[in-house]
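One-letter residues, chain by chain:
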Amino acid sequence: MANNLTLTGLLKKAAVEFPDRRAISLSGKYHLTHARLQEIVDHAASLLLASGIGHGDVVALTFPNTVEYIVMFLAVIRCRAVAAPLNAAYTAEEFEFYLSDSESKLLITGPEGIEAAQAAASKLNIVRVTATLPGSGDGLIALSSSANNESSLDSVAEITNDPSDVALFLHTSGTTSRPKGVPLTQLNLASSVQNIKSVYKLTESDSTVVVLPLFHVHGMIAGLLSSLIAGASVTLPAAGRFSASTFWSDMIACNATWYTAVPTIHQIILERHLNKPEPTYPKLRFIRSCSASLAPSIMARLEESFGAPVLEAYAMTEAAHLMASNPLPEDGGHKPGSVGKPVGQEMAILDQNGSAQLAGVSGEVCIRGPNVTKGYKNNPEANKAAFQFGWFHTGDVGYFDEDGYLHLVGRIKELINRGGEKISPIEVDAVLLSHPDIAQAVAFGVPDDKYGEEINCAVIPREGSEVDEDVVLRFCKKNLATFKVPKKVFITDSLPKTATGKIQRRIVAEHFLAQISTAKVPKFGA
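Since this is a predicted model, take the numbers as computed values, not measurements.

(A) Representation of the overall build of the chain in the model. Within the chain one finds 15 helices and 26 strands. Over its C-alpha trace the chain gives a radius of gyration of 23 Å, about what one expects of a compact globule, namely 24 Å for 526 residues. Burial analysis of the chain (526 residues in total) assigns 57% to the buried set. Long-range pairs, those at least 24 residues apart, make up 66% of the contacts in the chain between residues at least 6 apart in sequence. Separation between the mean location of the 46 positive side-chain charges and that of the 54 negative ones in the chain comes to 2 Å.

(B) Inspection of the state of the cysteines at higher detail. Summed over the entire model, instances satisfying the criterion amount to 0 disulfides. The structure places no disulfide on Cys366, whose sulfur is separated from the nearest cysteine sulfur, that of Cys290, by 18 Å.

(C) Layout of the side chain of Asp165. Structurally, Asp165 is set in the loop between helix 6 (152-158) and strand 8 (166-171). Classification of Asp165 by relative accessible area gives buried; the value is 3%. Side chain to side chain, Asp165 and His55 meet in a polar contact 3.2 Å long. Setting aside chain neighbours within four positions, we find Asp165 in contact with His55, Arg80, Leu184, Thr185 and Gln186.

(D) The arrangement of unusual backbone geometry in detail. Phi at His321 is positive, roughly 95 degrees, even though this residue is not glycine. Take His321: it is sitting in strand 15 (residues 321-325). A positive phi is found at Phe389, a non-glycine position, where the angle reads about 60 degrees. Here Phe389 lies in the loop between strand 19 (387-388) and strand 20 (391-400).

(E) A look at the environment of Leu495. The residue Leu495 is located in the loop between strand 26 (488-491) and helix 15 (505-515) in this model. On a C-alpha basis, the gap between Leu495 and Val442 in space is 8.6 Å, while along the polypeptide they are 53 residues apart.

(F) Just the sheet that holds strand 13 (residues 286-289), in detail. Taken in spatial order, the 5 strands of this open sheet run 12-13-14-15-16, and their pairing is mixed. Two strands lie at the open edges of the sheet, namely strand 12 (258-261) and strand 16 (341-342), each paired on one side alone. Inspection of the sheet shows strand 13 paired to strand 14 (residues 310-316) by 3 bridges, in the parallel sense. Its bridge partner lying in strand 14, Arg288 is registered against Leu311.

(G) The packing of helix 1 (residues 7-17) against helix 2 (residues 34-50), seen in detail. Interaxial distance between helix 1 and helix 2 falls to 8 Å at its minimum, and their mutual angle equals 135 degrees. With respect to helix 2, the element helix 1 is oriented oblique. Helix 2 is crossed by helix 1, and the crossing has left-handed handedness. Along the contact surface, helix 1 presents Leu11, Lys12, Ala14 and Ala15, while helix 2 presents His34, Ala35 and Gln38.

(H) Main features of the confidence of the model for the chain. For the chain, per-residue confidence averages 91 on the pLDDT scale, and 94% of positions sit at 70 or higher. Here residues 517-526 scores under 50 on pLDDT; set against residues more than four positions off or in separate chains, the count is 16 contacts.

(I) Molecular detail of helix 9 (residues 244-253). Listing the buried residues of helix 9 in full gives Ala244, Phe247, Trp248, Asp250 and Met251. For helix 9, the angular spread of buried residues about the axis comes to 160 degrees, placing them on one side. The positive-phi residue at the C-terminal boundary of helix 9 is Asn255, with phi of around 55 degrees.

(J) Region of interest: the sheet that holds strand 1 (residues 22-26). Taken together, 4 strands build an open sheet; the order of strands is 2-1-11-10 and the sheet is mixed. Every other strand in the sheet has two partners, leaving strand 2 (30-33) and strand 10 (207-209) as the edge strands with one partner each. Across the sheet, the mean angle separating the axes of adjacent strands is 15 degrees when strand polarity is ignored. With 3 bridges connecting them, strand 1 and strand 11 (residues 233-236) associate as parallel partners. Note that in strand 11 the partner of Ser25 across the bridge is Thr235. Sitting on the sheet, helix 3 (residues 67-78) is in contact with strand 1, strand 2 and strand 11, with an inclination near 140 degrees to strand 1. Against the sheet, helix 8 (residues 217-229) contacts strand 1, strand 10 and strand 11, and its axis sits at roughly 145 degrees relative to strand 11.

(K) The arrangement of the packing of aromatic side chains in detail. Scanning the model with the defined rule gives 18 aromatic pairs in all. Judged by centre distance (6.5 Å) and plane angle (65 degrees), the ring pair of Tyr69 and Phe73 falls under edge-to-face. One end of the pair is Tyr69 and the other is Phe73, both in helix 3 and 4 residues apart, which spans about a single turn. With respect to burial, Tyr69 and Phe73 carry one shared label: buried. Every member of this aromatic cluster is reached through a ring pair, and the members are Phe242, Phe247, Trp248, Tyr259, Tyr281 and Phe306. The side chain of Lys335 reaches across the aromatic face of Tyr405, ending 4.9 Å from its centre. Taking the ring centre of Tyr451 as reference, the NZ or CZ of Arg418 above it sits at 3.8 Å.

(L) Representation of the pairing of strand 5 (residues 104-109) in the model. Burial analysis of strand 5 places 5 of its 6 residues in the buried class, the great majority of the element. Where strand 3 (residues 58-62) and strand 5 come together, 5 bridges link them in parallel fashion. Directly across from Leu61, in strand 5, lies its bridge partner Ile108. Read as a crossover between parallel neighbours, the route from strand 5 over helix 5 (residues 115-123) to strand 6 (residues 127-132) is right-handed.

(M) Quick look at helix 2. A rise of 1.5 Å per residue sets the reference length of helix 2, with its 17 residues, at 24 Å; its end C-alpha atoms lie 25 Å apart and thus fit the reference within 8%. Within helix 2, the full set of buried residues consists of His34, Leu37, Gln38, Ile40, Val41, His43, Ala44, Ala45, Ser46, Leu47 and Leu48. Downstream of helix 2 by a residue or two, Gly52 has a phi angle that is positive, lying close to 95 degrees.

Basis of the calculations
Numbering of residues begins from 1 in every chain and follows the order in which that chain's sequence is written. A pLDDT threshold of at least 70 governs which residues receive local features in this predicted model, and a stricter bar of 80 or more applies before side-chain atom pairs are shown or counted, although totals over entire chains, interfaces and linings include all residues. Just so you know, side-chain values use all the structure's heavy atoms and leave hydrogens and water out. The helix count covers DSSP runs of H or I at least four residues long, the strand count covers runs of E at least two residues long, and both are numbered beginning at the N terminus. Within these notes, the globule rule equals 2.2 Å times the number of residues to the 0.38 power, and the radius of gyration is based on C-alpha atoms. Classification of residues uses two cut-offs on accessible area relative to the type maximum, computed with a 1.4 Å probe and protein chains only: under 20% is buried, over 50% is exposed, and between them is partly exposed. What makes two residues a contact is simply this: any of their non-hydrogen atoms within 4.5 Å. The charge count includes Lys and Arg as positive and Asp and Glu as negative, but it does not include His or the ends of the chains. Where a charge lies is defined by one atom per residue type, namely NZ (Lys), CZ (Arg), CG (Asp) and CD (Glu). Here, a disulfide means two cysteine sulfur atoms that sit within 2.5 Å of each other. Two N or O atoms count as a polar contact when they lie within 3.5 Å, although within protein this holds only if one can serve as hydrogen donor and the other as acceptor, and sequence-adjacent residues are included solely when both atoms are side-chain atoms. When DSSP locates at least two bridges between a pair of strands, those strands are taken to pair. Axis geometry follows a simple rule: fit a line to the C-alpha atoms, using only the stretch in contact for helices, then measure angles between N-to-C directions, giving values from 0 to 180 degrees. The labels follow the angle: roughly parallel below 35 degrees, roughly antiparallel above 145, roughly perpendicular from 65 to 115, and oblique for the rest. Less than a right angle of anticlockwise turn of the near helix away from the far helix marks a crossing as left-handed, whereas a clockwise turn marks it as right-handed. pLDDT expresses how confident the predictor is about each individual residue, on a scale running from 0 to 100. Directions drawn from the helix axis to the C-beta atoms are what define this arc. Between 30 and 60 degrees the pair is tilted, below 30 it is stacked and above 60 it is edge-to-face, where a pair is any two Phe, Tyr or Trp rings, Trp via its six-membered ring, whose centres lie within 6.5 Å. Note on geometry: a ring has a charge over it if NZ (lysine) or CZ (arginine) is within 6 Å of the ring centre and within 35 degrees of the ring normal. With its strands directed away from the observer, a crossover is right-handed exactly when the path from the first strand over the helix to the second travels clockwise. Under the convention used throughout, the expected extent of a helix is 1.5 Å for every residue step, that is, one less than its residue count.

So this is what it looks like as structure tokens:
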């Protein structure tokens, strides 16, 4: 039973049950079995111990999606230390903030290093090392500047990971305020991966390709760790990141049974399918979508194109990822426009006084359970706001329908209040994306003298289509109540997104507001 309370225990259990099954593959190069992965992780943990890393020490990791990164992440938490993954694309100033805020003791990068991260670590007097695994995958990992003490292997075997150990330290995306530090324990992670394994019925026969960055909970927990504890396999693209041109060949090569992605990536995969279809596609059990709202029209196109149910889910960092998901067809099936049913935790829709709302009545989505963080690091003000009435408050507005499926209306801060009428930008997005000639769209609120707030939208037309503002407005007038029709439509060819593919409405609004006085809407930077 104790094995089920820590992530490291679940991984060891899978290695014992499925020692010779493939765990991690690097596309076209080599693969590691579950037993071999554990051997390499334990050896890497011994090197960390020999270097002075121990219980509670924070180790920052910044890599592309590589085998070295996975090994070092697992080695850090095996030592009862805390892994703090960082986006390799950060600037030196951003690295400095995150390294400082997490109180990192060590920075680990791949052999090629990352200049901005190393500069920040140097400024903060944080020790820097690189991790290298032989290209064939048949050797052990090596750390630069490591006290390579083999006797430490014995001490690794003696370490017992505790459910209360903080294992992962992440920051919220910080779209409206300074990013908040989120500590997640072994128990938080173990609970979440078991919830994911359970709802999608992952087994040792499953296989997936990781298309999301592993510095974020979606890729790390839903794609990678949930697969590993099930004895299943994960393939990393050779480029270290998602590539539409190699995605399906990787999926076919590893006999993939599912994949998980954000709506932006699903849309890229769909666009490629329409313009350059593959000769064959693998037979998938399901496709999963999470981290942003998936329009029902996109879901329908995915299902029609790839012959698999698309299961939309709902997650956040503070819940160690998964909170709710649409079930598999045999367990009730999905509802387009819904993020499904709660998985592995309690969930309630509360009003401002903490009273639970009836089916069909909107309120704030609140959760509690073993997967939920105990609180933000060194942030009593944020904790006071987030933990009220015995629940964690997500900041999302939603409602349960009669069947217990959750429908999200939007973020509390993103709802558009037009003269007292509350407008869900998610609803407007869904209508825009149902137009056959619109590839991507986002609705957002802007200040308005008459109504307080007015609704605008930005639209990326499908390649080769002739979509202008009049076409979009006519379509909206047919499909939306008058007060929900955007006052202005911006036609563009790019939208700003986070590193994990989320569109930030506030930043989109700021950009287009700045362009209102000009006729030309420029591209965003990459």
